[in-house]
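Coordinates in review
Residue strings, one per chain:
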Amino acid sequence: MRLLVSLCRLVLLVVSAEAFRGLIRPSPSSSSSSAPRVLATATAAPSSSFSPRLLAEHLSWPPASRNSRTRMPSMVMPSVAKVLTAVPRFLGRKLMDGGDAIYLKKCLFLPPGSSNVAAAITSSTSAIGGTSTRDDSKENASQGQTSPFPPPPNTDMVLIFYPGIGLGPSSYRDTALAIQDALASNYDIQAYVVIAKFMNNLGYLPQEPQRRLASILAELGERGISPRAPVAVVGHSAGAFLAYDAALTRAQAFVHLGSTLNSRGVLPWTPRSVVEYPKPILQLLGEMDGYIRFTGGALEYAEVEGLMAKKGFEDVLLEKPVVVLPGVSHEQFGDGQQSKMARMSGRRDLPPYVSLQEAHRMTGKIVGAFLALHLFPENGQARVGGANTVRSAFEATGRMVRPYLNEMTEQAEDDFIRWAQAEVASVEGVGRNSVRACVFHTEQEFVYSKPTLDGESEYLQVCVRKQQQTNTIKIGFTKQISPAFGLKMKRQEAVVQVLRRYPSKKAPTAAELNRRTFQKALERVSEEARRRYDRYGRKLEFMADDEITAERGGGPAWVAAPLEVKPRVEDPMRVTVRAPVLYTPIDTLPRFAGMCYMKLLTPAQAIEWICHDAFIPWDRKV
């Protein structure tokens, strides 16, 4: 509201300035023409400060020629469109010119030993029984600017922290201090940490992340920090995305907190390959991250694993580690609080099962080990201890994400498709080896495709539509990363008729297949994940199939219908699953006869539900 009021005032000021300029512009033939011009020039503000005249010129007023004889005194009012388009451009330019100095003062500077200073001040305050609402000495120490304790004389490295959108520097103070403490206590490395401040904590002004980094490094140079000190960049959430270019050009190492590079392009932002990133990079996520699903980290882990097979295990593991911290949520990489912007957007974090202090300790340990390993390779403790810490965390992450990655392979997806058709057929002698899957990549091709059964070879061909972005399960703000599958199969009656064999059992419904798939997925996850789901997770109830008939639209209606996953309004711990199905009769045209179309729950979707979706906070807006 304040920003809107300020913008309205600025627009009025522009209009008034334009009107004033029009009133004081007499014809050049007037004998007193020089006086108003001198007045206008004399009252103009310098180019480096705000001036209505500068903003008016930014509106592209068409200046008249000095020699024009037809120019008459007039009041020229700018159009509303010009004002609305010029004001943001003018503000952006001025903020970029003068905003660096303004926001540099609002950055949080934490010299080496800042946590010890703050702790000492807190202890001394407690000793004298001080309970005032504001302690200037403590405030100064927390800002890292002035304190009664001199900072350590040497600084080994510089760490620049980019906050998430809507969060200020103070939200990351404890996280930064945890990293600083881990570097100092474990590897004897003194780090100067600076938490950047952006306009309205957004960072979306052109080149603002790069300019802020440059201004911070210049300020540190004036404070006596050697320009040869290694620089690392840490970004949380969207701050990591915005810091990419700055880290690529100015830093020796890059750390993502609660964010990924999106190497496979399955997330809704620009994909960047971890394989192609030319510098050491750590992607650190939380298992209970409600903004960036841990499954996104699992896919990054798979990318690194693929590169490991080509370049060598140790090199890739240490240079591009992907680590998922157990029990840590997205907001615990900061102060544990949700920003107003995140709340307005509808984002909801998952409930963590570790304390905020423990989350900061684990973050500091992993980030400290990674930075020490790559920025100080001559340090024996960093080279050995840092490598061991990173390796152990990477291997623990592998054990956590392995059940999910196993179900995301092409072989696992093919096995699931062949299993589904064999179960639907349920005819003697027809098993998984009798089924072939044909995957269609466009919806049009899939719509016109039809499953087939060869009576001589006894091969069943299933038509499959794999959808990564649409028709996926979405129970909260984010949707599942696991792809959805639509299967066009042959029904049991058609297989019996062509092969002239008896059915081995009654053909299962889609609900029964989904129930069995979910039970298998529950057996494949870790014991800890299974116990947590049984105790706290929202349980799935598999409802009767939603049979789509010709009267309801037939094939096109089935193609458009997703697997329905809907929470019960009366009970937030129960979620219903209903699969759309379509059956065609046996006694119709051969091309359309004996079809069984199903949208089924895949094992990957089931595991993602067990480990993530089951814990999304429920409300009536879901």
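**Section: the pairing of strand E2 (residues 157-162)**
- Counting buried positions along E2 yields six of six residues, so the element is predominantly enclosed.
- Going residue by residue along E2, you find Met 157, Leu 159 and Phe 161 tucked away on one face and Val 158, Ile 160 and Tyr 162 tucked away on the opposite face as well.
- As defined by bridge partners, E2 adjoins strand E3 (residues 191-195) across five bridges and the pair is classed as parallel. Its bridge partner lying in E3, Leu 159 is registered against Val 193.
- Note on the crossover from E2 through helix H7 (residues 173-187) to E3: the handedness is right-handed.
- Relative to strand E4 (residues 231-236), E2 runs parallel, the two being bridged by five bridges. Looking across to E4, one finds that Ile 160 is bridged to Val 233.

**Re the pairing of strand E16 (residues 580-583)**
- Both strand E13 (residues 546-547) and E16 contribute to a ladder of two bridges, which runs parallel. Opposite Asp 546, over in E16, you have Pro 580 as the bridge partner.
- Sheet analysis places E16 next to strand E17 (residues 595-600), joined by three bridges and oriented antiparallel. Within E17, the residue paired with Tyr 583 across the bridge is Cys 596.

**Remarks on the sheet that holds strand E5 (residues 253-257)**
- Pairing in this open sheet of seven strands is mixed, and the strands run E1-E3-E2-E4-E5-E6-E7 from one edge to the other. Unpaired on one side and paired on the other, strand E1 (108-110) and strand E7 (322-329) mark the two borders of the sheet. If you compare each strand with its neighbour and ignore which way they point, the axes differ by 20° on average.
- Its contacts with the sheet place helix H8 (residues 208-222) against E1, E2, E3 and E4, and it is angled at close to 145° to E2.
- Its contacts with the sheet put helix H11 (residues 294-311) on strand E6 (281-288) and E7, and the angle it makes with E7 is roughly 160°.

**Notes on the environment of Gln 283**
- Residue placement: Gln 283 occurs in strand E6.
- If we ignore the near neighbours within four places in the chain, the residues touching Gln 283 are His 256, Ser 259, Thr 260, Leu 261, Val 274, Glu 300, Pro 321, Val 322 and Val 323.
- In this structure the side chain of Gln 283 is engaged in a polar contact, spanning 3.0 Å, whose partner is the backbone nitrogen of Leu 261.

**Quick word on helix H14 (residues 356-375)**
- The terminal C-alpha atoms of H14, which comprises 20 residues, lie 28 Å apart, in line with the 28 Å expected from a rise of 1.5 Å per residue.
- With 14 of 20 residues buried, H14 is to be regarded as a mostly interior element.

**As for the layout of surface pockets**
- By volume, the largest pocket is sized at about 860 Å³.
- What lines the largest pocket is a set of 40 residues, among which Ser 237, Trp 269, Tyr 291, Ile 292 and Arg 347 lie closest to the centre.
- Contributing elements (two or more residues each) for the lining of the largest pocket: helix H9 (238-242) and helix H13 (340-345).
- In terms of residue count, the dominant contributor to the lining of the largest pocket is H13 (three residues).
- Residues belonging to the lining of the largest pocket are distributed by class as follows: 16 nonpolar, 18 polar and six charged.

The rules behind each value
- Residues numbered from 1 in each chain as written.
- Predicted model: local features only at pLDDT ≥ 70, side-chain atom pairs only at ≥ 80, totals over all residues.
- Heavy atoms only, no water.
- Buried < 20%, exposed > 50% of the residue type's maximum accessible area, 1.4 Å probe, protein only.
- Helix = DSSP H or I, 4+ residues; strand = E, 2+ residues; numbered from the N terminus.
- Pairing = 2+ DSSP bridges.
- Right-handed = clockwise from strand over helix to strand, strands pointing away.
- Axes fitted to C-alpha atoms, helices over the stretch in contact; angles between N-to-C directions.
- Contact = heavy atoms within 4.5 Å.
- Polar contact = N/O pair within 3.5 Å; in protein donor to acceptor, adjacent residues only side chain to side chain.
- Expected span 1.5 Å × (residues − 1).
- 1 Å grid on protein atoms, 1.4 Å probe; cavity = no way out; pocket = protein on both sides within 12 Å on 5 of 7 lines; lining within 4 Å.
- Points joined across faces, edges and corners; volume = space filled by probe spheres on them.
- Nonpolar A, V, L, I, M, F, W, Y, C, P; charged D, E, K, R; others polar.

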